[in-house]
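Tertiary structure, described
So the chains spell out like this:
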Amino acid sequence: MKILSLESSCDETAAAVVEDGRLVLSNIVASQVEEHKIYGGVVPEIASRRHTEAVSGVVKSALDEANCTLSDIDAVAVTYAPGLIGALLVGVNYAKGLCMATGLPLVPVHHLRSHIASNYITHPELKPPFLCLVVSGGHSHIIEVKDYTSFKVVGYTHDDAAGEAMDKAARAMGLPYPGGLNLDRAAKGGNPSAYKMPHPRVDGAPYDFSFSGLKTAALNIINSANQKNEEISVKDLGASYISAVVRCLTENTEKAAIDLGYKTIALAGGVSANSVLREEMQSLCSKHGWKLYAPDLKYCGDNGAMVGAQGYYEFLAGHTAGLDLNACACMSIE
Ligand code: KG4
Ligand code: ZN
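To keep things clear, this report deals only with the structure shown in the data block.

1. Notes on the site of ligand 1
Around ligand 1 sit 17 residues, and of these H115, G137, D167, D184 and N274 come closest. Within the contact set of ligand 1, an oxygen atom lies 3.2 Å away from a backbone nitrogen or oxygen of G163. Residue D184 places a side-chain N or O atom 2.9 Å away from a nitrogen atom belonging to ligand 1. For ligand 1, the protein covers 86% of the area, taking 550 Å² as the surface of the free molecule. Listed by contribution, the elements that provide at least two residues to the shell around ligand 1 are helix 4 (111–122), helix 5 (162–172) and helix 6 (179–186). Residue contributions to the shell around ligand 1 peak at three residues, all from helix 6. Considered class by class, the residues forming the shell around ligand 1 number three nonpolar, eleven polar and three charged.

Structure (structure tokens):
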């Protein structure tokens, strides 16, 4: 079964053709990063306009690269929640137009479910159940993936998401958008113990996160150095900061995996590209004899292939929508 999939929840206009949920026949991503860079973050109105301009060309390229026409396609999958509402609407309306014109079934896909599915296209042998740490610009969740379309959130952030915390700290350190990626690069080889960072925990909720205190600690170090006319080492502060964020992520995932009895762990979301997180999670899993799965780097950020992968399993579960499908800015993965 071939699925044409669309993704437009934030600042990437993406489309792909995926066969049977696992085989990526094409994956086209048109990034708007350069345009948002001058504002230091994503401007929702600009994102929607750029999606509108890009979507037809991206879908055409995805079909061409897969050597397909619409008559080879069996269903259209689209990210419909959560995300920037104006941005989501572009993908949803385009997908609805395609389905109206062709009669193909329309498959709505939750954005975090598709991030988790980025592991299915990277690791053909991976099957639920497993425990997944989903860390993106807007979410930091520990999720029990009970089956392809059955999820339970066991840990979440009470304030900033891990990616958001990376982006804000990176910006304060003078690094350009996208902060998380640039912080990862700038901190390579830095001393993770150079700057003392707090280790935030959430009382009574051992799997939950709170990153806003860490972000404030980094800002205080930067402001205090500025006041004293002292130099900050972005390399060392970046390494200390990343190490503190990653410690929270790995510790809570370890607790959840032990308590809930999972020996298969997966990473997903934009922050799963972080080199320190990947290394630390690997050593944690090796220590316990657990198996770690992480998406190929090209599938960590937003892309269409992951939507096609999850769309396949949603379709098999009978989760299709009518042409009255709407986009939603907020929606639980459950
Ligand atoms: O999943 P994603 O592409 O979009 C959302 O669904 O939010 O995640 C974007 C987030 C941004 O906060 C970005 O800074 C972060 O992922 N990110 C990274 C790295 N690459 C992207 N954070 C840390 N290290 C990286 N290498
Ligand atoms: Zn995402």
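2. Observations concerning the packing of helix 2 (residues 44–65) against helix 3 (residues 85–102)
Each packed pair of helices is defined by two parameters, the angle between the axes and the distance between the axes. Contact geometry for helix 2 and helix 3: axes closest at 9 Å, N-to-C directions at 35 degrees. In this structure, helix 2 meets helix 3 at a crossing whose hand is right-handed. Packed against helix 2, whose contacting residues are S48, H51, T52, V55, S56 and V59, the element helix 3 presents G86, A87, V90, Y94 and L98 at the interface. Of the residues in the contact of helix 2 with helix 3, the class split is six nonpolar, five polar and no charged.

Cut-offs and rules
Residues numbered from 1 in each chain as written. Chains lettered and ligands numbered in written order. Predicted model: local features only at pLDDT ≥ 70, side-chain atom pairs only at ≥ 80, totals over all residues. Heavy atoms only, no water. Near = heavy atom within 4 Å. Polar contact = N/O pair within 3.5 Å; in protein donor to acceptor, adjacent residues only side chain to side chain. Areas by Shrake-Rupley, 256 points an atom, 1.4 Å probe, with all protein chains shown as cover. Helix = DSSP H or I, 4+ residues; strand = E, 2+ residues; numbered from the N terminus. Nonpolar A, V, L, I, M, F, W, Y, C, P; charged D, E, K, R; others polar. Axes fitted to C-alpha atoms, helices over the stretch in contact; angles between N-to-C directions. Left-handed = near helix turned anticlockwise from the far one by under 90°. Contact = heavy atoms within 4.5 Å.

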